[in-house]
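Remarks on the overall topology
So the chains spell out like this:
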Amino acid sequence: MKKEDTVKLISSEGMEFVIDKEAAMVSQTIRNMLTSPGGFAEAEHGVVTFPEINAVILEKICQYFYWSLQYSRGKETEFHIEPELTLELMMAANYLHT
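What you see is a predicted model; the values in this text were computed from it and never measured.

Judged by nonpolar contacts, the single largest core of 25 residues is most densely connected at Leu9, Ile30, Phe50, Ile53, Ile61 and Phe65. Those elements that place two or more of their residues in this core are β1 (6-10), β2 (16-20), α1 (21-24), α2 (28-35), α4 (55-72) and α5 (86-96). With 7 residues, the top contributor of residues to this core is α4.

In this section: the pairing of β1. The buried fraction of β1 amounts to 4 of the 5 residues, a majority that puts the element mostly inside the structure. For β1 and β2, the ladder comprises 5 bridges, and the chain directions are antiparallel. Paired with Thr6 across the bridge in β2 is Asp20. Here β1 folds back onto β2 in antiparallel fashion, the turn holding 5 residues, of which Gly14 has a positive phi close to 95°.

This brings us to α5. Of the positions making up α5, those classed as buried are Leu89, Ala92 and Leu96. The buried residues of α5 occupy an angular sector of 65° when the element is viewed end-on, so they sit on one face. Of the residues in α5, the exposed ones pointing more than 90 degrees away from the buried face are Leu87, Met90, Met91 and Asn94. In this structure, the buried side of α5 is in contact with α2 and α4. Note on α5: the residue one or two positions beyond its end, His97, has a positive phi of about 55°.

Moving on, we get to the UniProt feature "domain: SKP1 component POZ" (unreviewed entry) in the protein chain. Per the UniProt record, "domain: SKP1 component POZ" (unreviewed entry) is annotated on residues 6-66. Secondary structure over residues 6-66 splits into 48% helix and 21% strand, and the C-alpha atoms at its two ends are 13 Å apart.

A few words on the sheet that holds β2. Spatially, the 3 strands line up as an open sheet ordered β2-β1-β3, and their pairing is mixed. Two strands bound the open sheet, and with one partner strand each, they are β2 and β3 (47-49). On average, each strand axis in the sheet is tilted by 25° relative to the strand beside it, whichever way the strands run. Across the sheet, α4 lies against β1 and β2, angled at about 5° from β2, the strand it touches most.

This paragraph deals with the packing of α4 against α5. Axis angle and axis distance: for two packed helices, these are the angle between their axes and the distance between the axes, and together they describe the pair. Contact geometry of α4 with α5 gives a least axis separation of 10 Å together with a crossing angle of 60°. By the angle between their axes, α4 is oblique relative to α5. Seen from above, α4 lies across α5 with right-handed handedness. Here α4 contributes Ile57, Lys60, Ile61 and Phe65 to the contact with α5, which in turn contributes Glu88, Leu89, Ala92 and Leu96. A breakdown of the residues in the contact of α4 with α5 according to their chemical character gives 6 nonpolar, no polar and 2 charged.

Analysis parameters
Residues numbered from 1 in each chain as written. Predicted model: local features only at pLDDT ≥ 70, side-chain atom pairs only at ≥ 80, totals over all residues. Heavy atoms only, no water. Core = buried A, V, L, I, M, F, W, Y, C linked by side-chain atoms within 4.5 Å. Buried < 20%, exposed > 50% of the residue type's maximum accessible area, 1.4 Å probe, protein only. Helix = DSSP H or I, 4+ residues; strand = E, 2+ residues; numbered from the N terminus. Pairing = 2+ DSSP bridges. Arc of directions from axis to C-beta. Contact = heavy atoms within 4.5 Å. UniProt positions renumbered as here; feature names shortened; annotations may be inferred. Axes fitted to C-alpha atoms, helices over the stretch in contact; angles between N-to-C directions. Parallel < 35°, antiparallel > 145°, perpendicular 65-115°, else oblique. Left-handed = near helix turned anticlockwise from the far one by under 90°. Nonpolar A, V, L, I, M, F, W, Y, C, P; charged D, E, K, R; others polar.

Quick look at the structure:
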């Protein structure tokens, strides 16, 4: 896979998640950062840092992005969320508009 086809998401602890750009675009916030003509550094480098989102939550968000793509293509499966992650995931989802 080419570098321009991926996006690097970085958690508050510095953990890096390299995912398909198509998957990252599930998030309206990330899509705006990567495609807006405003000259976001994220669009230039393909790297988005989330200083308020820890690695456990960001990993679950990445899993959700891929699940959402599969769901939109007709593959209906369950997306399991651990109860102890619910509040943090809801706050992150609100920020990311997912």
